[in-house]
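The chain contents come next:
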Amino acid sequence: MNGADTAFVLISAALVMVMTPGLAFFYGGMVRVKSALNMLMMSFVSMGIVSVLWVLYGYSLAFGADNGGVIGNFDHIGLKGIDTTTLTGGDEGIPVFAFALFQLMFAVLTPALMSGALADRVKFSAWGLFIALWATVVYFPVAHWVWAEGGWLYELEVIDFAGGTAVHINAGIGALAAVLVVGRRIGFRDDPMRPHSLPLVMLGAALLWFGWFGFNAGSALAADGTAATMALNTQVAPGAAMLGWLAYERVRHGAFTTLGAASGAVAGLVAITPAGAHVNAMGAILIGLLAGAACSWAVSLKYKLGYDDSLDVVGVHLVGGIIGTLLVGILAVDGAGGAGQFGKQAVGAFSVMAYSFAVSWLLAKLIQSTIGFRADEDDEVAGLDQVFHAETAYDASAVGSSSGVRGTAVRGSGALRTRGNSDGSSDGSSDGSTETNQKVDA
Amino acid sequence: MKLITAVIKPHRLDEVKDALQAFGVQGLTVTEASGYGRQRGHTEVYRGAEYTVDLVPKVRIEVLVEDEDAEHLIEVVVKASRTGKIGDGKVWSVPVDTAVRVRTGERGPDAL
């Protein structure tokens, strides 16, 4: 066992973990205050759902022995057959548990990325079901294609160092499919939908950037020069992308916005993800600048084309992912670049887009037509925090604050009523019949 | 008695408060408010989406004074809150029938 590599991968796994709550803050600050908790929870709950699925069968499907280049097997259900002494790649490998944990974090993050596209309007139970199904039939197979020995894109030698294709293109196009099924937020293009907390967005972007060092450099699975190159580029590309985004905004809209700086950095991180191990720092600057400028333009497409990708998962992750995935074919400096590689990159990007779009659309349709994907109209307008989570994000006002004593008394007297869901689903939320939070059923 | 109400730019609050204290006002009420006058709102940009924000943050100050002090006090408030730029706000006064000091039950000018 290589101790240095093992330590590095374990630390990297912890870094990647912080990206999911980072994403929760990044998205959570961008929505209106009435559904802020719901947005946080849509990301955060992925750590519950996908962590469990990964152990049950996700790892096995993604990294079990190959079946026809498309999927693993069931040999490692419940991580069966792996123990503390099982290593990857011979005597100098790392424990498979370290590798499985590291990959688990990717599986958690990827479905969470889609949540921003569906902000403010889906039922929480439906979202939970969606990401469970999506991880199972979209993420696990695609991760196998790209990263597992025998996977067809792996064998084709498509470069996806840390997940530009498997994570960002995959989640970006999946989000687009789900948005097309679920529809627009009420008031899209008419009502102002200002971010309720840009400091929270900035905090989220900072946590994402920090965690991304683990995401990118850790993907080397070794504490070596590749990891160092990747780490360097993980700093340089988002820096350049931030400048690219800010420059575009300054010219186009006359201001250097905080949201633009945070979004640009994330776009650069996305774009460098597939490419960073194969380009030098100058290549990373170029990729970053292009990604920043292109994504800042791409986020306006939703208004022109009419799809409500609320927090620009498509404009940032899909577009940024494609830019990085294609450019590495041209800019690779380690001998991998060239027209042939560019073609392979395109095959990788577009095959994942086609598969993920089709299956995500079907899953969303399935949920829409069974338990219903969309929240009630009244709940969407009033805000989802109280209806799905029975909480309020901020209690900043001295007037109208909740009364704990009264709430307890109500519970004790048995008067707590369970909210009747007209659609029969079991969100299980209840609201105490206190004056402050009584839901008015229409 | 008169109730003087001033709706002003938030960053002038400290100046107005100091001026009122110097004038000898014993108490006042401050509320965060929003609104617009002739200046209307401003434009904000979020990822390229431009929103016109009609309602601008303001601070509302309310002071109860005796009739003979009202005119002078209005002058003090206006002077302290003026920047000379658009959006400086408004000050007005209305007559007040009764005022009661809650702790003691004193009424009228004694309650001020």
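Residues numbered from 1 in each chain as written. Chains lettered and ligands numbered in written order. Predicted model: local features only at pLDDT ≥ 70, side-chain atom pairs only at ≥ 80, totals over all residues.

Per an unreviewed UniProt entry, the recorded name for chain B is Nitrogen regulatory protein P-II, and the organism is Streptomyces gossypii. Within the UniProt record for chain B, the comment given under Subunit (unreviewed entry) is "Homotrimer." (UniProt positions renumbered as here; feature names shortened; annotations may be inferred.)

In the annotation of an unreviewed UniProt entry, the entry for chain A reads Ammonium transporter, and the organism field reads Streptomyces gossypii. Listed under Sequence similarities (unreviewed entry) in UniProt, the entry text for chain A is "Belongs to the ammonia transporter channel (TC 1.A.11.2) family."

**Student:** Help me understand the overall build of chain B in this model?
**Tutor:** Scanning chain B from terminus to terminus reveals two helices and six strands. Reading chain B from its N terminus to its C terminus gives the helix and strand order β-α-β-β-β-β-α-β. Relative to the globule expectation of 13 Å for 112 residues, the C-alpha radius of gyration of chain B, 17 Å, shows a markedly less compact shape. In terms of overall dimensions, chain B has a C-alpha envelope of 60 × 25 × 20 Å along the principal axes. Taking all 112 residues of chain B together, 19% fall into the buried category. (Helix = DSSP H or I, 4+ residues; strand = E, 2+ residues; numbered from the N terminus. Rg over C-alpha atoms; globule rule 2.2 N^0.38 Å. Buried ≥ 20, exposed ≤ 12 C-beta atoms within 10 Å, placed from the backbone.)

**Student:** Quick question: what am I supposed to make of the nonpolar core here?
**Tutor:** Nonpolar side chains tend to gather and get buried jointly when the protein is soluble and globular. Grouped together as the largest cluster of nonpolar side chains are 151 residues, with contacts concentrated most on Val 16, Leu 109, Leu 208, Ala 241, Ala 271, Ile 287 and Ala 291 of chain A. The residues contacting Ala 241 of chain A, other than those within four sequence positions of it, are Gly 264, Ala 265, Ala 267, Gly 268, Ala 271, Gly 288, Leu 289, Ala 291 and Gly 292 of chain A. In terms of nonpolar packing, the next biggest core, distinct from the first, is built from 13 residues, Ile 8, Val 63, Val 65 and Leu 73 of chain B among them. (Core = buried A, V, L, I, M, F, W, Y, C linked by C-beta atoms within 7 Å. Contact = placed C-beta atoms within 7 Å.)

**Student:** I tried to follow the environment of Asn 216 of chain A on my own but got confused; where do I start?
**Tutor:** All names here are of chain A. Position of Asn 216 relative to the elements: it lies in helix H8 (residues 198-217). For the pair Asn 216 and Val 251, spaced 35 residues apart in sequence, the C-alpha separation works out to 32 Å. Not counting residues within four places of it along the chain, the set of residues in contact with Asn 216 comprises Ala 162, Met 230, Thr 234, Ile 272, Thr 273 and Gly 276.

**Student:** I tried to follow the pairing of strand S4 (residues 49-53) of chain B on my own but got confused; where do I start?
**Tutor:** Across a regular strand the side chains alternate sides, sitting on one face of the sheet and then on the other. All names here are of chain B. Sheet topology note: the strand S3 (residues 42-46)/S4 ladder contains five bridges and is antiparallel. Paired with Tyr 46 across the bridge in S4 is Ala 49. With antiparallel pairing between neighbouring strands as the criterion, S3 and S4 make up a hairpin whose turn holds two residues, including Arg 47 at a positive phi of roughly 50 degrees. (Pairing = 2+ DSSP bridges.)

**Student:** I'm lost on the confidence of the model for chain A in this one. Help?
**Tutor:** Caution is warranted with low-pLDDT regions, since their predicted coordinates should not be read in detail. For chain A, the average pLDDT comes to 90, and 89% of its residues sit at 70 or higher. Ignoring residues within four places in sequence, the model shows residues 406-442 of chain A, a span with pLDDT below 50, making 53 contacts including any to other chains. (pLDDT = per-residue confidence, 0-100.)

**Student:** Could you clarify how one ought to interpret the interface of chain A and chain B in this entry?
**Tutor:** Many authors give the size of an interface as the accessible area that is lost as the parts come together. If you look at the interface, chain A gives 13 residues, while chain B gives seven residues. Broken down by secondary-structure element, the contributors of at least two residues to the side of chain A that touches chain B are helix H9 (225-253) and helix H10 (258-275) of chain A. Top contributing element to the side of chain A that touches chain B by residue count: H10 of chain A, with three residues. By residue class, the composition of the side of chain A that touches chain B is five nonpolar, five polar and three charged. (Nonpolar A, V, L, I, M, F, W, Y, C, P; charged D, E, K, R; others polar.)

**Student:** Help me understand the environment of Ile 86 of chain B in this model?
**Tutor:** With respect to the element layout, Ile 86 of chain B can be found in the loop between helix H2 (67-81) and strand S6 (89-95). In sequence terms Ile 86 of chain B and Gln 39 of chain B are 47 residues apart; their C-alpha atoms lie 6.2 Å from each other.

**Student:** Sorry if this is basic, but what is going on with unusual backbone geometry here?
**Tutor:** Comment: phi is negative for the bulk of residues other than glycine, and the bulk of peptide bonds are trans. All names here are of chain A. Backbone geometry at Asp 120 places phi at a positive 70 degrees, although glycine is not the residue there. As for its placement among the helices and strands, Asp 120 is situated in the loop between helix H4 (96-113) and helix H5 (124-147). The phi dihedral of Arg 189 falls on the positive side, at around 75 degrees, and the residue is not glycine. Along the chain, Arg 189 turns up in the loop between helix H7 (164-182) and H8.

**Student:** What is the right way to read helix H14 (residues 339-369) of chain A from this model?
**Tutor:** Residue and element names in this part refer to chain A. The terminal C-alpha atoms of H14 lie 45 Å apart, and with 31 residues this matches the ideal 45 Å at 1.5 Å per residue to within 8%. Within H14, burial applies to Gln 345, Gly 348, Ala 349, Val 352, Met 353, Ser 356, Phe 357, Ser 360, Leu 363, Ala 364 and Ile 367. Tucked into the core, H14 has its buried residues touching H5, helix H6 (152-155), H7 and helix H13 (313-331). (Expected span 1.5 Å × (residues − 1).)

**Student:** What am I meant to see in the UniProt feature "domain: Ammonium transporter AmtB-like" (unreviewed entry) in chain A here?
**Tutor:** When the UniProt feature table is mapped to this numbering, "domain: Ammonium transporter AmtB-like" (unreviewed entry) covers residues 7-394 of chain A. With 69% helix and 0% strand, residues 7-394 of chain A has its two end C-alpha atoms placed 39 Å apart.

**Student:** I'm lost on helix H2 (residues 19-30) of chain A in this one. Help?
**Tutor:** Structurally, the α-helix is built with 3.6 residues per turn, so residues lying three or four positions apart point the same way. Residues and elements named next belong to chain A. Over its 12 residues, H2 extends 16 Å from the first C-alpha to the last, a length consistent with the 16 Å expected when each residue adds 1.5 Å. H2 sits mainly inside the fold: 11 of its 12 residues count as buried. Within H2, burial applies to Met 19, Thr 20, Gly 22, Leu 23, Ala 24, Phe 25, Phe 26, Tyr 27, Gly 28, Gly 29 and Met 30. Buried residues along H2 sit in contact with helix H1 (3-17), helix H3 (36-63), H4 and H8.

**Student:** Is there a simple way to think about the sheet that holds strand S1 (residues 2-8) of chain B in this case?
**Tutor:** Within a sheet, each strand pairs with its neighbour through backbone hydrogen bonds, oriented either parallel or antiparallel. Residues and elements named next belong to chain B. Across the sheet, four strands lie side by side as S2-S5-S1-S6; this open sheet has antiparallel pairing. Of all the strands in the sheet, the pair left with one neighbour each is strand S2 (29-35) and S6. Strand-to-strand twist of the sheet, defined as the mean angle between neighbouring strand axes without regard to direction, takes the value 20 degrees. The pairing of S2 with strand S5 (residues 56-65) spans seven bridges and is antiparallel. The partner of Ala 33 across the bridge, within S5, is Lys 58. Packing against the sheet, helix H1 (residues 13-23) makes contact with S1, S2 and S5, and its axis sits at approximately 10 degrees to S5. (Axes fitted to C-alpha atoms, helices over the stretch in contact; angles between N-to-C directions.)

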